[in-house]
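Results of the structural survey
This is what each chain is made of:
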Amino acid sequence: MHIQETFRALADPTRREILLHLSRQQMTIGEVTEKFDITRAAVKKHLNILEEGQLISVHVQGRERINRLEAQGLSAVSDWIGYFDQFWDQHLGALKNAVENSENAKRQAIKGKI
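Residues numbered from 1 in each chain as written. Predicted model: local features only at pLDDT ≥ 70, side-chain atom pairs only at ≥ 80, totals over all residues. Heavy atoms only, no water.

A look at the sheet that holds strand β3 (residues 64-69)
Going by this rule: Pairing between two strands requires that DSSP report at least two bridges joining them. Counting from the N terminus, the helices are the DSSP runs of H or I reaching at least four residues and the strands are the DSSP runs of E reaching at least two. Any two residues having at least one pair of non-hydrogen atoms within 4.5 Å are treated as being in contact. Geometry is summarised by axes, namely lines fitted to C-alpha atoms with helices restricted to the contacting stretch, and by angles between N-to-C directions that run from 0 to 180 degrees.
Read from one edge to the other, the open sheet built from three strands follows the order β1-β3-β2, with strand pairing classed as antiparallel. Single-partner strands in this sheet number two, and they are β1 (27-28) and β2 (56-61). In this structure, β2 lies alongside β3, joined through six bridges in antiparallel fashion. Within β3, the position partnered with S57 by the bridge is R68. Each of β2 and β3 is contacted by helix α4 (residues 40-52), which is oriented at about 115° to β2, the strand it contacts most.

See below:
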């Protein structure tokens, strides 16, 4: 079920942008809120969903809650998407062969006319 929660977290553009900010540095809820034109409560909700998707972790530092990107949380998504690379490889290989065959046929036709 972890991958389901991760995809849910990634489905929202605001959450993806939050991840980009956290990829550059750890941030408090207040610091994240400053980057967006939404309420602190809305940011907190987005952060909770990102945490449920195991894309961020929250660490208490004094009175602050520090949000940190957990890049390994993306590995399940990467693995899932990576599975489909084989289909791209097959289709791109077939396209390459078709183009090469077409070029060879053109060369043969030109040689036949000369």
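Quick notes on the nonpolar core
Put simply, the test is: Residues enter a nonpolar core if they are buried and are Ala, Val, Leu, Ile, Met, Phe, Trp, Tyr or Cys, with the set joined through side-chain atoms within 4.5 Å. The cut-offs for exposure are 20% and 50% of the maximum accessible area for each residue type, with area from a 1.4 Å probe on protein chains only; residues under the lower value are buried, those over the upper are exposed, and the others partly exposed.
Counting 16 residues, the largest nonpolar core has I18, L22, V32, L47 and L50 as the members making the most contacts within it. Broken down by element, this core gets its largest block of residues, four residues, from α4. Setting aside anything within four residues of it in sequence, one finds V32 in contact with I18, L22, M27 and V43.

Quick word on empty space enclosed by the protein
The cut-off we apply is this: Only protein atoms enter the 1 Å grid, on which a cavity is a set of points fitting a 1.4 Å probe that cannot get out and a pocket is an open set with protein on both sides within 12 Å along at least 5 of 7 lines, lining residues being those with an atom within 4 Å of a point. Grid points are joined across faces, edges and corners, and a volume is the space filled by probe spheres set on the points.
Enumeration according to the criterion identifies one cavity of 30 Å³ or more in this entry. Each pocket or cavity is described by its volume, and for the largest cavity that value is around 40 Å³. Forming the boundary of the largest cavity are I29, K44, L47, N48, E51, V58, R65 and N67. Of all the secondary-structure elements, those providing two or more residues to the lining of the largest cavity are α4 and β3.

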